[in-house]
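# Structure at a glance
Listed below, chain by chain, are the residues.
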Amino acid sequence: MTVASPSSLYSDLDVAVELDAPLASHTWFGIGGHADLLLRPRTLPALETLMRRCRRDGLPLRVLGSGANLLVDDDGVDGVVVKLDSAIFKTVEWNASGIVERMRAYGGASMESIVQECKRRGLRGLEQMAGIPASIGGAIRMNAGGKYGAIGDAVDAVALLAHDGALRIYQRDELNFGYRTTNLPAGIVVWASFRVASDDPVACRKRVLEIFTYKQSTQPLAASSAGCMFRNPTMPDGTMKSAGQLIDLAGLKGTSVGGAFVSMQHGNFLAVNKGARVHDMRALVDLVQERVFAQFNVHLHTEVVFWRRGDEA
Ligand SMILES: Cc1cc2nc3c(=O)[nH]c(=O)nc-3n(C[C@H](O)[C@H](O)[C@H](O)COP(=O)(O)OP(=O)(O)OC[C@H]3O[C@@H](n4cnc5c(N)ncnc54)[C@H](O)[C@@H]3O)c2cc1C
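Residues numbered from 1 in each chain as written. Predicted model: local features only at pLDDT ≥ 70, side-chain atom pairs only at ≥ 80, totals over all residues. Heavy atoms only, no water.

Along the chain, Gln 265 turns up in the loop between strand E18 (260–262) and strand E19 (270–272). By relative accessible area, Gln 265 is classed as partly exposed at 37%. Note: C-alpha distance between Gln 265 and Leu 19 (246 residues apart in sequence) is 39 Å. Contact partners of Gln 265, with chain neighbours within four places excluded, come to Gln 216, Ser 217, Thr 218, Gln 219, Pro 220 and Lys 253. For Gln 265, the side chain forms a polar contact with the main-chain oxygen of Ser 217, separated by 3.4 Å. (Helix = DSSP H or I, 4+ residues; strand = E, 2+ residues; numbered from the N terminus. Buried < 20%, exposed > 50% of the residue type's maximum accessible area, 1.4 Å probe, protein only. Contact = heavy atoms within 4.5 Å. Polar contact = N/O pair within 3.5 Å; in protein donor to acceptor, adjacent residues only side chain to side chain.)

So this is what it looks like as structure tokens:
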């Protein structure tokens, strides 16, 4: 525990507190260490105050979404980890501001549930997110997506809580979404609103099913992974290549280190068996990077976020 007197951070706030909290069960990898301090605010003012106090005390603050793109070091993580899983942060408002074509979802809301609900209501705009596990905050931070588009395509506005505890709303024309990136500054996505449009419910269902079926046929969705480990690189000749294809061409499918292995189905899915250590995964990542560099003269950068003690949050 590196927090000198943590209770002064939260004792008067409406937050659920867990000291030395295991994080493995909060991530899709299902491995990794503990958080010194896991806090789950129950109100927005509590979250705002917490942000201000962490800044005041120089404590790193990290936000955990659904853990689908995250690897927490075996030695755990310092500072404060915040999880937005209380009711207010999972709220989804349909017909926001009385406009049918607007939907507002808080940062901890489940992307999968929203895709299902859009399908049920006959709303299109977010079907490209079918089969992508995420919270709204995590999906926006990563601009999650794939072949059929990304979440940024449907975003109307984002409310971001900065480290000084101020909530600022970014409108569509201020936002840039790129390949797994956004221009949003550091901070916590508190909510986002989306443009969705009424459509034939049968057509909506068909589209979601088509996208999900494509994902299922190409990716090992049931493996303990975080989806694609590496970003698709730009090659020395300026073209973008699939990282999975390079890993496959380098003959690395099926390669393993300890309990971590490269999927046979998709070269960019690095997964773990029960009992694996994050150390194994890190060694496998290094090995894949070295081999791909040796063969193609290109460095693969990780898309998965690693949390380690001492790293800047
Ligand atoms: C089986 C599987 C398939 C996948 N397929 C895809 C795919 O097709 N396309 C794709 O893009 N990704 C895919 N992924 C990766 C993952 O689904 C996305 O990156 C997703 O956006 C992660 O969201 P999360 O809520 O789980 O974020 P986490 O993994 O919890 O966190 C990821 C990052 O987002 C930050 N974050 C989380 N919440 C917030 C918030 N409220 N405000 C600010 N920052 C926040 C975290 O601090 C961290 O830096 C897949 C993962 C799995 C396990």
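Okay, back to it.
Before going further, it helps to spend a moment on the nonpolar core. Ranked by size, the top nonpolar core spans 32 residues in total, and within it Met 111, Ile 114, Leu 126, Ile 136, Ile 140, Ile 151 and Phe 194 carry the most contacts. Of all the elements in the fold, those that place two or more residues in this core are strand E7 (102–106), helix H3 (111–121), helix H4 (136–142), strand E11 (155–161), strand E15 (188–195) and helix H5 (201–218). If you tally residues by element for this core, the top one is H3, at four residues. Here Ile 151 is in contact with Met 111, Leu 126, Gln 128, Met 129, Ile 136, Ala 139, Ile 140, Asn 143, Ala 144 and Phe 194, once residues within four sequence places are set aside. (Core = buried A, V, L, I, M, F, W, Y, C linked by side-chain atoms within 4.5 Å.)

In this section: the domain arrangement of the chain. If you check the domain split of the chain, you get domain 1 (7–87) and domain 2 (91–218). Here the C-alpha centre of domain 2 lies 23 Å away from the C-alpha centre of domain 1. In this complex, domain 1 contributes 15 residues to the contact, which on the side of domain 2 involves 17 residues. In total, domain 1 and domain 2 occlude about 1300 Å² of area from one another, counting both sides; carbon and sulfur atoms represent 69% of this. Summed over the shared surface of domain 1 and domain 2, the number is one residue pair in polar contact (both at pLDDT 80 or more). Those elements giving two or more residues to the side of domain 1 that touches domain 2 turn out to be helix H2 (44–57) and strand E3 (61–64). Element by element, the count of residues in the side of domain 1 that touches domain 2 is highest for H2, at six residues. Within the side of domain 1 that touches domain 2, the residues separate by chemical class into nine nonpolar, three polar and three charged. (Domains from an automatic or database assignment. Buried area = accessible area lost by both parts, 1.4 Å probe. Nonpolar A, V, L, I, M, F, W, Y, C, P; charged D, E, K, R; others polar.)

What follows covers the environment of Val 305. Mapped onto the fold, Val 305 is located in strand E20 (residues 305–307). When its relative accessible area of 31% is taken as the criterion, Val 305 is described as partly exposed. In this structure, the C-alpha to C-alpha distance between Val 305 and Met 235, residues 70 residues apart in sequence, is 23 Å. Setting aside anything within four residues of it in sequence, one finds Val 305 in contact with Asn 69, Leu 70, Leu 71 and Met 142.

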